[in-house]
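# Examining the three-dimensional arrangement
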Amino acid sequence: MNSCVLCENPLEEKLKFCDLLTLKKPKARTCDDCFEKFQLISAQHCPKCYREGTCEICIDCDVWTKKGKEVCHKSCFVYNNEAMKNFFSQYKFQGDYALSSVFTEVLHQELKNYNDYTLVPIPVSVEKYQARGFNQVTAFLEGTKLQFKEILEKYDTIAQSSKMREERLQSQQCFKVKDKVTLPAKILLIDDIYTTGATLQLAKDILVEAGVKEILTFSLAR
């Protein structure tokens, strides 16, 4: 019997007959008690970036609009939540790869709706990959069994998590398109956490310069 990757209690299997036939539905890796501690973003959110708690365009999106940048983003969970912060502390900052499966079912259900778009994960720098041992975004995607394409490269900069909000909004370019890669016309850029949107805007800028016609963005948490 499988165990919850968060609390290690046994999991009950809830596969339907159709799941056994297709073998496409990812298995649950967390128990209901643990998963219910994460906070889904409610219907009351910024219409552009899914920031929780307001139905108006938020301050960050207003800044991007004034800079001539479009925001068309979706997120699933609130980051400012104890369970989510603890999750990312263990998964991303302590490098616990096993936790990449916690949100597999949710991500599979969300991302399969973008079948007209090529899923493109935000990369990590070579230095960060060597330190952590994996890219936290591609690890999420691998569990969904959905196809994705690694188009971008990132060179090492000061981590976004260590910057103040104003510094994030003023971040310098840190991405480039990989050599000899074929660019799709429509891309869904995927990151783990959306804070101010600076990382995704930088990646969008590079892709727009390279000729991509349509770009949406997505993150697990906001």
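Our subject is the structure listed above.
Residues numbered from 1 in each chain as written. Predicted model: local features only at pLDDT ≥ 70, side-chain atom pairs only at ≥ 80, totals over all residues. Heavy atoms only, no water.

### Examining the nonpolar core
Residues Phe87, Phe88, Phe103, Leu111 and Leu188 are the most contacted members of the largest nonpolar core, which totals 28 residues. The set of elements that each furnish at least two residues to this core consists of β1 (73–77), α4 (82–93), α5 (104–111), α7 (136–144), β5 (186–193) and β6 (214–221). Within the second largest apolar cluster, 23 residues are counted, among which are Cys49, Trp64, Tyr194 and Ala203. (Core = buried A, V, L, I, M, F, W, Y, C linked by side-chain atoms within 4.5 Å. Buried < 20%, exposed > 50% of the residue type's maximum accessible area, 1.4 Å probe, protein only. Helix = DSSP H or I, 4+ residues; strand = E, 2+ residues; numbered from the N terminus.)

### Regarding the packing of aromatic side chains
Under the definition given, this model contains 17 aromatic pairs. Each ring, one from Phe87 and one from Tyr91, has its centre 5.3 Å from the other, and the planes form 25°; the classification is stacked. One end of the pair, Phe87, and the other, Tyr91, are both in helix α4, 4 residues apart, so they sit about a helical turn from each other. Note on accessibility: Phe87 and Tyr91 belong to one class, buried. In this structure an aromatic cluster arises from ring pairing among Phe35, Phe38, Phe77, Tyr79, Phe87, Phe88, Tyr91, Tyr97, Phe103, Phe134 and Phe140. For the cation-ring pair, Lys186 lies above Tyr117, with the distance from its terminal atom to the ring centre recorded as 4.7 Å. (Phe/Tyr/Trp six-rings, centres within 6.5 Å; stacked < 30°, edge-to-face > 60°. Lys NZ or Arg CZ within 6 Å of the ring centre and 35° of its normal.)

### As for α4
Note: α-helices contain 3.6 residues per turn, so residues at a spacing of three or four share the same orientation. Between the first and last C-alpha of α4 there are 15 Å, a value that for 12 residues agrees with the 16 Å anticipated at 1.5 Å per step. Looking at α4, one finds that the buried residues are Met84, Phe87, Phe88, Tyr91 and Lys92. Projection of α4 onto a plane perpendicular to its axis shows the buried side chains occupying an angular sector of 95°, all on one side. Tucked into the core, α4 has its buried residues touching β1, α6 (126–132), α7, β5 and β6. Where α4 starts, the residue carrying a side-chain oxygen 3.1 Å from the main-chain nitrogen of Ala83 turns out to be Asn81. (Expected span 1.5 Å × (residues − 1). Arc of directions from axis to C-beta. Contact = heavy atoms within 4.5 Å. Polar contact = N/O pair within 3.5 Å; in protein donor to acceptor, adjacent residues only side chain to side chain.)

### A word on the environment of Leu141
With respect to the element layout, Leu141 can be found in helix α7. Classification of Leu141 as buried rests on a relative accessible area of 2%. With 30 residues separating them along the chain, Leu141 and Leu111 place their C-alpha atoms 9.3 Å apart. Every residue in contact with Leu141, bar those within four places of it in the chain, is listed here: Leu111, Pro121, Leu146, Phe148 and Ile190.

### Brief notes about the sheet that holds β6
Taken in spatial order, the 4 strands of this open sheet run β1-β6-β5-β2, and their pairing is parallel. A strand with exactly one partner marks an edge of an open sheet, and here the two such strands are β1 and β2 (118–121). Averaged over neighbouring strand pairs, the angle between their axes works out to 25° when direction is ignored. Pairing of β5 with β6, which is carried by 7 bridges, proceeds in the parallel orientation. The residue of β6 that forms the bridge with Asp191 is Ser219. Running at roughly 100° to β5, α4 makes contact with β1, β5 and β6 of the sheet. Along the sheet face, α7 touches β2, β5 and β6 and points at about 110° away from the line of β5. (Pairing = 2+ DSSP bridges. Axes fitted to C-alpha atoms, helices over the stretch in contact; angles between N-to-C directions.)

### Observations regarding the side chain of Asn135
Inspection of the secondary structure puts Asn135 in the loop between α6 and α7. Excluding its chain neighbours within four sequence positions, the residues that come into contact with Asn135 are Ile122, Pro123, Val124 and Tyr129.

### Topic: α5
The complete set of buried residues in α5 reads Thr104, Leu107, His108 and Leu111. Buried residues of α5 fall within an arc of 100° about the axis and therefore sit on the same side. The elements touched by buried residues of α5 are β2, α7, β5 and β6.

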